[in-house]
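The residues making up each chain are set out below.
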Amino acid sequence: MKRSRQRPQVIVGVTRSASGIAALRTAAAEAIRRGAPLHAVQVSHSEFTPVDDFTEIDEALADAFGSLPGGLEVRRELLHPPVADALTERAHHPGDLLVLGAGDTGAPAWHRRPWARSVTRACLRKARCAVVVVNSGESSLL
C-alpha cells in the first residue's frame, strides 16, 4: 500500500551521466520554483546495497552544483531494482514530477548505458505523473 501524502513532489532519478546531471539541474530548478524539496533517488545495483550509502547521489550533486543552491532542500533515497518500477512507484502521486536523463546517445560507446533508454521508455509508459526527460544539453541553470 502506498503512503498517502498531501503535497506533490519533484523526484529525480540520479546518475552521473551528462544527461543525468542535466536532469538533476532541471529538477532542482523546478523544486525551487515549486517551493518543494528535491527527492534525489537512485536505484541500487542490487538488493544488497546498504540503504544509507548515498555516495553516488552526493557525487552527482557535487558534479551538478559544487555546493547546493540556496533555497533547495534535498532528500536522498536509495530504491531497489527493477529501475523503472522503483522510479514510477516512488513518483506515484498525480501531481508529482519525475525527471530523468535521456541517456547519453552522444557519449562514447564505452560510456553508454544500453539500458538507460529502455528505462526511460518504461517510465514514460508506467508513470502516473508528469515525466520530464532531459538531454545532456538541456539543463536549467540556477
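Look above for the structure.
Residues numbered from 1 in each chain as written. Predicted model: local features only at pLDDT ≥ 70, side-chain atom pairs only at ≥ 80, totals over all residues. Heavy atoms only, no water.

## Examining the pattern of salt bridges
Then, in step 1: Within this structure, the stated rule accounts for eight salt bridges.
Then, in step 2: When the shortest N-O distance is used, the salt bridge between Arg-16 and Asp-63 registers 2.9 Å. Here Asp-63 lies in helix 2 (residues 55-65) and Arg-16 lies in the loop between strand 1 (10-13) and helix 1 (18-34), a separation of 47 residues in the sequence.
Then, in step 3: For Arg-34, the salt bridge is made with Glu-30, and the minimal N-O distance between the two is 2.8 Å. Of the two residues, Arg-34 and Glu-30 both sit in helix 1, four residues apart, roughly one turn of that helix.
Then, in step 4: Of the residues examined, Arg-34 reaches a relative accessible area of 36% and is grouped as partly exposed.
Then, in step 5: Bridged by salt links that share partners, the residues Arg-16, Glu-59 and Asp-63 form one connected network. (Salt bridge = Lys/Arg side-chain N within 4 Å of Asp/Glu carboxyl O. Helix = DSSP H or I, 4+ residues; strand = E, 2+ residues; numbered from the N terminus. Buried < 20%, exposed > 50% of the residue type's maximum accessible area, 1.4 Å probe, protein only.)

## Structural notes on the sheet that holds strand 5 (residues 130-134)
Then, in step 1: An order of 3-2-1-4-5 is seen for the five strands of this open sheet, with the pairing classed as parallel. Across the chains shown, the open sheet's two edge strands, defined by having one partner strand only, are strand 3 (74-79) and strand 5. If you compare each strand with its neighbour and ignore which way they point, the axes differ by 25° on average.
Then, in step 2: Judged from the four bridges that link them, strand 1 and strand 2 (residues 38-43) form a sheet pairing that is parallel. Residue Ile-11 lies in a different strand from strand 2, and its bridge partner there is His-39.
Then, in step 3: On the sheet, helix 1 packs against strand 1, strand 2, strand 4 (97-101) and strand 5 and is oriented at approximately 155° with respect to strand 4. (Pairing = 2+ DSSP bridges. Axes fitted to C-alpha atoms, helices over the stretch in contact; angles between N-to-C directions. Contact = heavy atoms within 4.5 Å.)

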